[in-house]
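Topology and contacts: notes
Spelled out from the first residue to the last, the chains are:
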Amino acid sequence: MAASTTLLKRIFNRFGTPIEPTSVTDNVVLLGTSSDANSTWLQQERMLIDLGLPKKAYFELDEFFFKQIDYICLTHEHEDHINFSTLYYILENEPHITVLMPPRMWQTIMSDSWATKIKQQVLLNASAIMTAKPKKLPSRNPSIAEIVYIPHVTEHGPITNLAIELKTVYNTAAVSPTCELTCHFLYATDLSSVYPSMDRTIDGLPTPTPSDLFDVICLEANYNVQLLEEYIKKRNAQLVFEPTSDVKTIQNELVRAQSNYRHLSETESWLYASRYLKPTGVYLPMHASSTFGTLQQYTRY
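This text gives an overview of the structure that appears in the document.

Remarks on a nonpolar patch on the surface
Taken together, Leu239, Val240, Phe241 and Val247 make up a surface patch of nonpolar side chains, about 390 Å² in accessible area. For the nonpolar patch, the element with the highest residue contribution is helix α6 (residues 225-241), accounting for 3 residues. Inspection of the secondary structure puts valine 240 in helix α6.

This is the structure:
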């Protein structure tokens, strides 16, 4: 597994300064964070957040990769976050793994519009699936006493999504006196806003007190506002001033560009991280647009 921990990551402190990897960031392996595939491996916690890769990709890391996973935390049902073939394999072959799934995602999968095979497979293995709600998760890592799992409902265009907050509590006998006894972690991608809705059906992202700030924030930084707005302005000008242009193509390009507004901008992401990271905390920008983003991560997939 050594190769998996050496993947390059763009890591910043709360002031936006690039920093070198630390033992904390080495624990976070970004297997994929894009519109193609999303999956983040927390090694000490024996946890995957999202399952967007084909099982072959996980086995390229280690043929016994899933033996090192106890929990898979799903955020929503978009195919870049959940590869159903991989989920089938896990449900059929890895009974020790617990899958945590948002209630709305479960309802969507069970709806009439979804394939019968998906519903049957999930129902047959329902004992391996837990509803995503705050809970303490036991750990098979002897260095960890418990993992506190706290999901937060966020908005992603027309659907809801989950941001995942974790508090890993270490066994005092397993860490040196100079080490922190807890690690406060946040993962959030595919969200339109960090704020709660007026009716409180959307939680938004957590707002920890100064005494409980995050050690690690993995947060979507999808697009650079200036790049996106300049592109949209240019395409709209083409429609007005270049009547010979391919109108349908330009309109389709505008629709695709404007869909980025369903995601969090780099500016919004930086502002949140700078406010809620510890002075020693680390920020990993996630899910950057290949066209309008400037903070792409170097991931394996």
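A look at the side chain of asparagine 83
The residue asparagine 83 is located in the loop between β4 (71-73) and α3 (84-93) in this model. In terms of polar contacts, asparagine 83 uses its side chain to reach the backbone amide nitrogen of serine 85, at 3.1 Å. Those residues within four positions of asparagine 83 in sequence are excluded, and the remaining contacts are Leu51, Gly52, Leu53 and Pro54.

Quick word on the sheet that holds strand β6 (residues 129-131)
The sheet built from 6 strands is open, its strands ordered β1-β2-β3-β4-β5-β6 with mixed pairing. The open sheet has two edge strands with one neighbour each: β1 (28-33) and β6. Ignoring which end each strand starts from, the neighbouring axes of this sheet average 20 degrees apart. When β4 meets strand β5 (residues 98-101), the two strands line up parallel, connected through 3 bridges. The residue bridging tyrosine 71 from the neighbouring strand is threonine 98, located in β5.

Thoughts on the environment of leucine 213
In this fold, leucine 213 is placed in the loop between β10 (182-188) and β11 (214-220). Take leucine 213: its relative accessible area is 10%, and that puts it in the buried class. Residues leucine 213 and leucine 277, 64 residues apart in the sequence, show an inter-C-alpha distance of 5.4 Å. Excluding residues within four positions of it along the chain, leucine 213 makes contact with His184, Pro208, Arg275, Tyr276, Leu277 and Lys278.

Some words on the packing of aromatic side chains
Under the definition given, this model contains 13 aromatic pairs. Pairing tryptophan 41 with phenylalanine 65 gives two aromatic rings, centres 4.9 Å apart and planes at 70 degrees, and the pair type is edge-to-face. Pair noted here: tryptophan 41 is in strand β2 (residues 38-42) and phenylalanine 65 is in the loop between α2 (55-61) and β4, with a separation of 24 residues, a long-range link. Side by side, tryptophan 41 and phenylalanine 65 carry an identical accessibility label, which is buried. Ring geometry for phenylalanine 65 versus phenylalanine 66: centroids 5.3 Å apart, planes at 80 degrees, classification edge-to-face. For the pair phenylalanine 65 and phenylalanine 66, a shared accessibility class is recorded, and that class is buried. The structure contains a cluster of three or more aromatic residues connected by ring pairs, namely Trp41, Tyr58, Phe59, Phe65, Phe66 and Tyr89.

Parameters at a glance
- Residues numbered from 1 in each chain as written.
- Predicted model: local features only at pLDDT ≥ 70, side-chain atom pairs only at ≥ 80, totals over all residues.
- Heavy atoms only, no water.
- Patch = residues over 30% accessible without salt bridge, like charges linked within 9 Å, V, L, I, M, F, W, Y side chains within 5 Å.
- Areas by Shrake-Rupley, 256 points an atom, 1.4 Å probe, with all protein chains shown as cover.
- Salt bridge = Lys/Arg side-chain N within 4 Å of Asp/Glu carboxyl O.
- Helix = DSSP H or I, 4+ residues; strand = E, 2+ residues; numbered from the N terminus.
- Polar contact = N/O pair within 3.5 Å; in protein donor to acceptor, adjacent residues only side chain to side chain.
- Contact = heavy atoms within 4.5 Å.
- Pairing = 2+ DSSP bridges.
- Axes fitted to C-alpha atoms, helices over the stretch in contact; angles between N-to-C directions.
- Buried < 20%, exposed > 50% of the residue type's maximum accessible area, 1.4 Å probe, protein only.
- Phe/Tyr/Trp six-rings, centres within 6.5 Å; stacked < 30°, edge-to-face > 60°.

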